Amino acid sequence: MAAVTHFPGIIGQISLVAVLRWRLLRNATRRKNSRLDLIGLLISGIFGSLLVLGLCFAFYAGSYAFLSRGPSSWMALLYWGIFVWWQIFPIFVAGFGANFEFRALLRFPLSRGAFYLIGLAYGLADFSALAALSWLLSITVGAAAARPQVVPALLLMNLVFVLMNVNLERLIGSWLERLLARRRTRELFFGLFILSMVSLQFISPLVQRYGDAARPSLHIALPYLAPFPGSLAGQAVAGAAANHYGDFFIDLAGLSLYVLLFAGLLWCRFSAQYRGEELSESLAPSRAISRPMAKEGGEPAALRLLSPQVAEVVRKEFRYLIRNGFSFFLLIMPPLFIFLVTMQTSSLRHASSARELPDASLFPALMGYLVLMLTAPAYNSFAYEGHGIQTYFMAPIRFRYVFLGKNLMLVCLLLFELVLSIAFFAYRVGLPPAPLFVATLAAIVFSVAGQLPIANWSALNFPHKLNFGQMRNQRPSGMAVLMLFGVQIVLGGISALILLSGRWTGNPWLPAEAFAGLAAAALAGYFASLDALSEFAEKKKERLLEALCR
């Protein structure tokens, strides 16, 4: 057939892949869960677009102000902001971007040029790229309103700027996947990433203390940024605005050199993938070494209080936790965040009156953030089971024990984080009044016990497979995310109204009494839901196996 069939060109190959992806998406929406997942992603995208839209007005105002009233050289600030966003944000949300599935594309007779262009197209499909393109359009509109004669030069420069950014973003993402192909490298990288994020929290205190003294040094350092992409783009626009087209073309040529450099490096990287490069953690074949059978350690005393089924599920969940370096490191983030927030608000140490709403509301607000962060995995609690989900249906165990074990492990982690966070808060600020403290703890019990039945139901209805230590394609189901935020908003609103009722009635212990009753009802509802969820799991067996075993 290859001898008689006309082989399409690059444009034809790209169009065929685009049609194939569209048909895959259309066929996937025939399933109810896929439609709900798509709806959830669309709604989440709407909320994300609100942030992008707000910044569009800021970029429009900045472009208009810099080109109409000057100085036009400050346009570099706008381009530096877009450049940093485009390169840094995809690392934070690597699981939500469109991944370049080169292994699947290698099944088709694509040319190397089509393979490269499809990789760039995937880069333009990221949320960060779409947001950056919207901001560049806002800059163009602002420039057209201020100085219409600059628009042609600005459009040409924006085109080169986009090509440079998409090539660099794809290059960084591809090399990160290569460097993080091994588990230990991933965990080391993630540990350094956490430390860098912690270090960023100290920038504000340092700037407040040493900002005035460091300002002259900053002005000295700014000229050294001139050869870099953000400064080149801003200088090119400033040259066009001043009718110095010689400077414009020099800066444009400098930016074009970056495009050629990054495109060449990306071509080499994609060429290795095109030739079938396979990244894997599998060890090289070696001769098996006989080792003595390890003796099983004694069962912890705490697990002996549980039924054998629940104890085994708890033990498995703990091993999954310490095996997954990303999840393990994320446990330090909530108390660390609380510690850093209280560092910035150490003046609240002497606040002892619940009548001061900002001071009194800080403790329940931080505890609510802690609950939000730590209960999120429960909405996709089977994410890391993979093919092991079949064991639950083959073993003589009811799903009520599975949920009890998973939820117990989550509650233990939450209790540990709560104790640590409350200790940080007491050290930095001091404990709130006794009525508010007891009410907050009762509200946590009510919130967690009220969420767990819904989270278990969501885990059965909207399962989504995740891989240990992987960064890309690690997003949960869109509907699971919507349910998480919807339940948190409802329970948070109820808790806020009950906390405020103590101020309205003048009875500081009224919220604690109300939350105690709600917590008891939520706990009763949780245990009553376990049998119903066990029967529901049998009905969702095919859905779980399909989502987690592929």
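Everything that follows concerns the structure shown earlier in this document.
This section reports on the structure supplied with the text. (Residues numbered from 1 in each chain as written. Predicted model: local features only at pLDDT ≥ 70, side-chain atom pairs only at ≥ 80, totals over all residues. Heavy atoms only, no water.)

## Observations concerning the overall build of the chain
Next up, step 1: Looking only at helices and strands, the chain has 23 helices and 0 strands in total.
Next up, step 2: Contacts in the chain between residues at least 24 apart in sequence constitute 83% of all its contacts with a sequence separation of at least 6.
Next up, step 3: When the accessible surface of the chain is summed, it comes to about 29800 Å², and 70% of that surface belongs to carbon and sulfur atoms. (Helix = DSSP H or I, 4+ residues; strand = E, 2+ residues; numbered from the N terminus. Contact = heavy atoms within 4.5 Å. Areas by Shrake-Rupley, 256 points an atom, 1.4 Å probe, with all protein chains shown as cover.)

## A few points about helix H13 (residues 308-323)
Next up, step 1: Over its 16 residues, H13 runs 22 Å from end to end, which matches the ideal 22 Å to within 8%, given 1.5 Å per residue.
Next up, step 2: Within H13, the full set of buried residues consists of Val310, Ala311, Val313, Val314, Arg315, Lys316, Glu317 and Leu321. (Expected span 1.5 Å × (residues − 1). Buried < 20%, exposed > 50% of the residue type's maximum accessible area, 1.4 Å probe, protein only.)

## Some thoughts on the nonpolar core
One recurring pattern in soluble globular proteins: nonpolar side chains tend to sit buried together.
Next up, step 1: Among the nonpolar cores identified, the biggest contains 61 residues, and Met367, Phe382, Ile389, Phe399 and Leu460 are the most heavily contacted of them.
Next up, step 2: Elements with a contribution of two residues or more to this core: H13, helix H17 (362-375), helix H18 (389-394), helix H19 (399-428), helix H20 (434-461), helix H21 (478-505), helix H22 (510-539) and helix H23 (541-548).
Next up, step 3: It is H20 that provides the largest number of residues to this core, a total of 11 residues.
Next up, step 4: Excluding its chain neighbours within four sequence positions, the residues that come into contact with Phe382 are Ile389, Tyr392, Phe399, Val402, Phe403, Lys406, Ala459, Leu460, Leu544 and Leu548.
Next up, step 5: Membership of the second largest hydrophobic core comes to 55 residues, among which are Val17, Leu171, Ala240 and Ala241. (Core = buried A, V, L, I, M, F, W, Y, C linked by side-chain atoms within 4.5 Å.)

## A closer look at the packing of aromatic side chains
Next up, step 1: On inspection of all chains with the given rule, the structure shows 24 aromatic pairs.
Next up, step 2: With a centroid separation of 5.2 Å and an interplanar angle of 80 degrees, the aromatic rings of Tyr79 and Phe161 are classed as edge-to-face. Of this pair, Tyr79 sits in helix H3 (residues 75-92) while Phe161 sits in helix H7 (residues 151-179), placing them 82 residues apart in sequence. In this pair, the class of Tyr79 matches that of Phe161, namely buried.
Next up, step 3: Judged by centre distance (5.9 Å) and plane angle (65 degrees), the rings of Tyr392 and Phe399 are edge-to-face. For the pair shown, Tyr392 and Phe399 are each scored as buried.
Next up, step 4: In textbook terms, an aromatic cluster arises when at least three aromatic residues are bridged by ring pairs, as seen for Phe382, Tyr392, Phe393, Phe399 and Phe403. (Phe/Tyr/Trp six-rings, centres within 6.5 Å; stacked < 30°, edge-to-face > 60°.)

## Observations regarding the environment of Ala376
Next up, step 1: Mapped onto the fold, Ala376 is located in the loop between H17 and H18.
Next up, step 2: Separated by 108 residues in the primary sequence, Ala376 and Leu484 have C-alpha atoms spaced 6.7 Å apart.

## Topic: H22
Next up, step 1: With 30 residues, H22 should cover 44 Å at 1.5 Å per step; its first-to-last C-alpha distance of 43 Å lies within 8% of that length.
Next up, step 2: At Leu530, H22 shows its maximal kink, close to 35 degrees.
Next up, step 3: Listed in full, the buried residues belonging to H22 are Pro511, Ala512, Phe515, Ala519, Ala522, Tyr526, Ser529, Leu530, Leu533, Ser534, Phe536 and Ala537. (Bend = angle between axes of the 7 residues up to and from the residue.)

## Observations concerning the packing of H13 against H19
Next up, step 1: The N-to-C vectors of H13 and H19 enclose an angle of 50 degrees; their axes lie 8 Å apart at closest approach. When the axes of H13 and H19 are compared, the pair comes out oblique. For the pair H13 and H19, the crossing hand works out as right-handed. Two secondary-structure elements touch here, H13 through Gln309, Val310, Val313, Val314, Lys316, Glu317, Phe318 and Leu321 and H19 through Tyr401, Val402, Leu404, Gly405, Lys406, Leu408, Met409 and Leu413. (Axes fitted to C-alpha atoms, helices over the stretch in contact; angles between N-to-C directions. Parallel < 35°, antiparallel > 145°, perpendicular 65-115°, else oblique. Left-handed = near helix turned anticlockwise from the far one by under 90°.)

## With respect to the pattern of salt bridges
Next up, step 1: Taken as a whole and judged by the stated rule, the model has 8 salt bridges.
Next up, step 2: A salt bridge links Glu317 to Lys316, with the nearest nitrogen and oxygen atoms 2.8 Å apart. An identical accessibility class is assigned to Glu317 and Lys316; each is buried.
Next up, step 3: When salt bridges that share partners are traced, they join Lys316, Glu317, Glu385 and Lys406 into one network. (Salt bridge = Lys/Arg side-chain N within 4 Å of Asp/Glu carboxyl O.)

What is shown is where atoms sit, not what they do.
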